[in-house]
Amino acid sequence: MNTRKLTKASYMVSGVVLLVVAVEVIARLGIAGTAWPSLVEVYEFLGDERQRSTLWRNTLVTLESSATGLVMGTIIAVLAGAVSALVPILRPGLDRFAAIVNAVPLVALAPLFITTVGREDSPAVVAAMGVGFVVFVSTTSGLANASRTHHDVLTVLGANRFRRFARLQLPQALPSIVDGLVLAAPTAVLGATIGEWFGAPSGLGMMIVSAFQSANIPQLWAVALSATAMALIAYFIFIAVQRATVRRFT
Amino acid sequence: MGLSPVISASSSTSAPDTRGADLHAGYSGSSDSHRLDPSPLRVSLTDVQKTFDVGRGRTVQALVDIDLDIAEGEFVALIGPSGCGKSTVLRLLAGLDTTSSGEVELFGSPPEELSRQHRLGVAFQEHALLPWASVSSNISLPYKVAGRSVDKNRVAELIKLVGLTGFEKALPKQLSGGMRQRVAIARALVLNPSLLLLDEPFGALDAVTRRRMNSELARIWSEERLTTLLVTHDVDEALILADRVVVMSGRPGKIHHVEKVDLPRPRDTSVTRTPAFHELVDKLTGMLDGAGEDS
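None of the values given here were measured: they were computed from a predicted structure.

Asks: Quick rundown of the pairing of strand 8 (residues 244–249) of chain B? Include the residues and the values.
Replies: Residue and element names in this part refer to chain B. Within strand 8, six of the six residues are buried, which leaves the element mostly enclosed by the surrounding structure. Across the two faces of strand 8 the burial is the same, with Arg244, Val246 and Met248 and Val245, Val247 and Ser249 all buried. The hairpin formed by strand 8 and strand 9 (residues 254–260) contains four residues between the paired strands, and Arg251 there has a positive phi angle of roughly 50°.

Rendered as structure tokens:
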């Protein structure tokens, strides 16, 4: 049993090592051009105390924007999903509105937010946009998940639509809403980073732009690794929440 | 002879049977009618037709000329081959479906009115318990749905009545199939409904559990004495529980026969092993076999 676990772990470790070595070899040989990062250089970049603290400070800024966007987007999406469940006549309109807003590229919306909500807050708003659509779709589909028999029982018991929503539809929808959050959490990091491209005073997005302009490849990839790590951590946190929710609500 | 005065199936021209007349308070007792007095104290389907639209302008006649009365405090079982429309009758009484023509009245009101007043209880073959809620919160659900404060004593009483003491905090997934059905029945009973509707509540259980649930339901019913309609395809189950057994035939669904069950209660093995019981089982089973061919 332990041997099998060990085998699995060794496969994982060798996969990672292989990937790192391949990246480094391609960088040293210059096969893919000068923009290809050398991980050793990225590591050296991060070894610098000053660079590291700058990266950490900006990571925290992006983390805050992502978290704010995730919370805002989720609240708005769940409320919109609730409205579409409680007022069925609004449902097709809300569905289409969500689809249209989602189809507009975030990159195109970002300048709009800078002029409306300002440079400081637009990363969170762009993050909320990305989150909102995913969570809205998972909420509306979750709210429709209760079985016909469950609905029949509540109808016979004389439930009005609000009690039906609170007692049956919402708890039934929770696993599906959390499924949406699993997808939305990395989206929030991506959205916040994109939001920071357009003149935000700080954040990983801002650092990417400045690294890009000064052709500082190690900085660019240090930032990219930081953003990736944040998105992955958020993903795994919500995977854990999802497991717990499924255990409790199904 | 088998037809009680409470029922008139369109196809039958039964002689009034005065034997049954003194059984229920709602009976007219007169010999010139085979229907009950128009009384607000009963459940009635009058001249009910139900047609389902199956698309492309085609329709299927599900129920024809259904006339059925249930007196207050009476237990009626509806049996018939699958697809005969017996569940549709129950759904009409539950207000989950509407008639194409004809009247459905529950104690003088339309079914929707009773469910609005939280006076209906229902249990289906699928238990439809809330998976995230414990046994006691599942049984408390009707209070919450009605916006009333939960009567903890009543909930505890029902948990005891259905024999689940000690399982109050258990989740449905931790219970056996039979136990889940007991919770579903307790939930149906908790508000003391004016009409209890049971749609094959034991249909998914194994034979042994099913018989045990039958005798438990008989015991529960003898304590609560609710007006009840049970839909089933199990002849024994119908005869163990019901005051009257209504046999339906299919395609289109109509009432084929009504059997008054005069066997003494409780109908435990001392009754179910008698020749009288077996005779009734054979008679009704024979009708079910014939009913598919539409007599």
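Asks: Could you give an account of the sheet that holds strand 4 (residues 101–106) of chain B, naming the residues involved and the relevant values?
Replies: Residue and element names in this part refer to chain B. Taken in spatial order, the three strands line up as 2-1-4 in an open sheet, and their pairing is antiparallel. Lying at the two open borders of the sheet, with one neighbouring strand each, are strand 2 (58–71) and strand 4. On average, each strand axis in the sheet is tilted by 25° relative to the strand beside it, whichever way the strands run. In this fold helix 1 (residues 86–94) packs onto strand 1 (42–55), strand 2 and strand 4, with an angle of close to 115° to the strand it touches most, strand 1.

Asks: So what's going on with helix 3 (residues 135–146) of chain B? Residues and values would help.
Replies: Judged by how many residues are buried, helix 3 of chain B sits mostly within the fold: ten of twelve residues are covered. Looking at helix 3 of chain B, one finds that the buried residues are Val135, Ser136, Asn138, Ile139, Ser140, Leu141, Pro142, Tyr143, Val145 and Ala146 of chain B. Those residues of helix 3 of chain B hidden inside the fold are in contact with helix 7 (148–156) and helix 8 (161–197) of chain A together with helix 4 (152–161) and helix 5 (177–189) of chain B. Phi turns positive one or two residues past the end of helix 3 of chain B, at Gly147 of chain B, with a value near 70°.

Asks: Break down the packing of helix 4 (residues 91–103) of chain A against helix 6 (residues 122–143) of chain A for me, with residues and values.
Replies: All names here are of chain A. Put simply, helix 4 and helix 6 touch, their axes get as near as 10 Å, and they point 145° apart. For helix 4 against helix 6, the interelement crossing comes out left-handed. On helix 6, the residues that touch Arg91, Leu94, Asp95, Ala98, Ala99, Val101 and Asn102 of helix 4 are Met129, Phe133, Phe136 and Thr140. Looking at the contact of helix 4 with helix 6 residue by residue, the classes come out as seven nonpolar, two polar and two charged.

Asks: Tell me about a positive patch on the surface, and please be specific about residues and values.
Replies: Taken together, the side chains of Arg243, Arg247 and Arg248 of chain A together with Lys173 of chain B define a basic patch exposed on the protein surface. Here Arg243 of chain A is to be found in helix 10 (residues 217–249).

Asks: Explain the interface of chain A and chain B to me, using residue names and the numbers behind them.
Replies: Residue-level contacts link 20 residues of chain A with 23 residues of chain B. Regarding the contact of chain A and chain B, the summed buried area is about 2100 Å², with carbon and sulfur atoms giving 64% of it. Contact with chain B buries area across many residues of chain A, yet Val156, Leu157 and Arg167 of chain A alone supply 33% of it, more than any other trio. If you look at where chain A meets chain B, you find one salt bridge. Of the charged contacts, one joins Arg91 of chain B and Asp152 of chain A as a salt bridge, the two residues approaching to 2.9 Å between their closest N and O atoms. Between the two partners, chain A and chain B, sit eight residue pairs in polar contact (both at pLDDT 80 or more).

Asks: Go over the pattern of salt bridges with me, naming the residues and quoting the values.
Replies: Enumeration according to the criterion identifies 20 salt bridges over all chains in this entry. Where salt bridges share partners, they join Arg182, Glu216, Arg219 and Glu223 of chain B into one cluster.

Asks: Break down a nonpolar patch on the surface for me, citing the residues and quoting the values.
Replies: Together, Val13, Val17, Val21, Val25, Leu29 and Ile31 of chain A give the surface a local cluster of nonpolar side chains, amounting to about 570 Å² of exposed area. Counting through the fold element by element, Val21 of chain A comes out in helix 1 (residues 2–29).

Asks: Just give me the short version of the sheet that holds strand 5 (residues 120–123) of chain B, but keep the residues and values in it.
Replies: All names here are of chain B. Pairing in this open sheet of six strands is mixed, and the strands run 5-6-7-3-8-9 from one edge to the other. Each edge of the open sheet is held by one strand with a lone partner, namely strand 5 and strand 9. Averaged over all pairs of adjacent strands, the angle between strand axes in this sheet comes to 15°, irrespective of strand direction. Sheet topology places strand 8 next to strand 9; six bridges connect them, and they run antiparallel. Counted as the bridge partner of Val245 is Glu259 from strand 9.

Conventions used here
Residues numbered from 1 in each chain as written. Chains lettered and ligands numbered in written order. Predicted model: local features only at pLDDT ≥ 70, side-chain atom pairs only at ≥ 80, totals over all residues. Heavy atoms only, no water. Buried < 20%, exposed > 50% of the residue type's maximum accessible area, 1.4 Å probe, protein only. Helix = DSSP H or I, 4+ residues; strand = E, 2+ residues; numbered from the N terminus. Pairing = 2+ DSSP bridges. Axes fitted to C-alpha atoms, helices over the stretch in contact; angles between N-to-C directions. Contact = heavy atoms within 4.5 Å. Left-handed = near helix turned anticlockwise from the far one by under 90°. Nonpolar A, V, L, I, M, F, W, Y, C, P; charged D, E, K, R; others polar. Patch = residues over 30% accessible without salt bridge, like charges linked within 9 Å, V, L, I, M, F, W, Y side chains within 5 Å. Areas by Shrake-Rupley, 256 points an atom, 1.4 Å probe, with all protein chains shown as cover. Salt bridge = Lys/Arg side-chain N within 4 Å of Asp/Glu carboxyl O. Lys, Arg positive; Asp, Glu negative; His and termini not counted. Charge placed at Lys NZ, Arg CZ, Asp CG, Glu CD. Buried area = accessible area lost by both parts, 1.4 Å probe. Polar contact = N/O pair within 3.5 Å; in protein donor to acceptor, adjacent residues only side chain to side chain.

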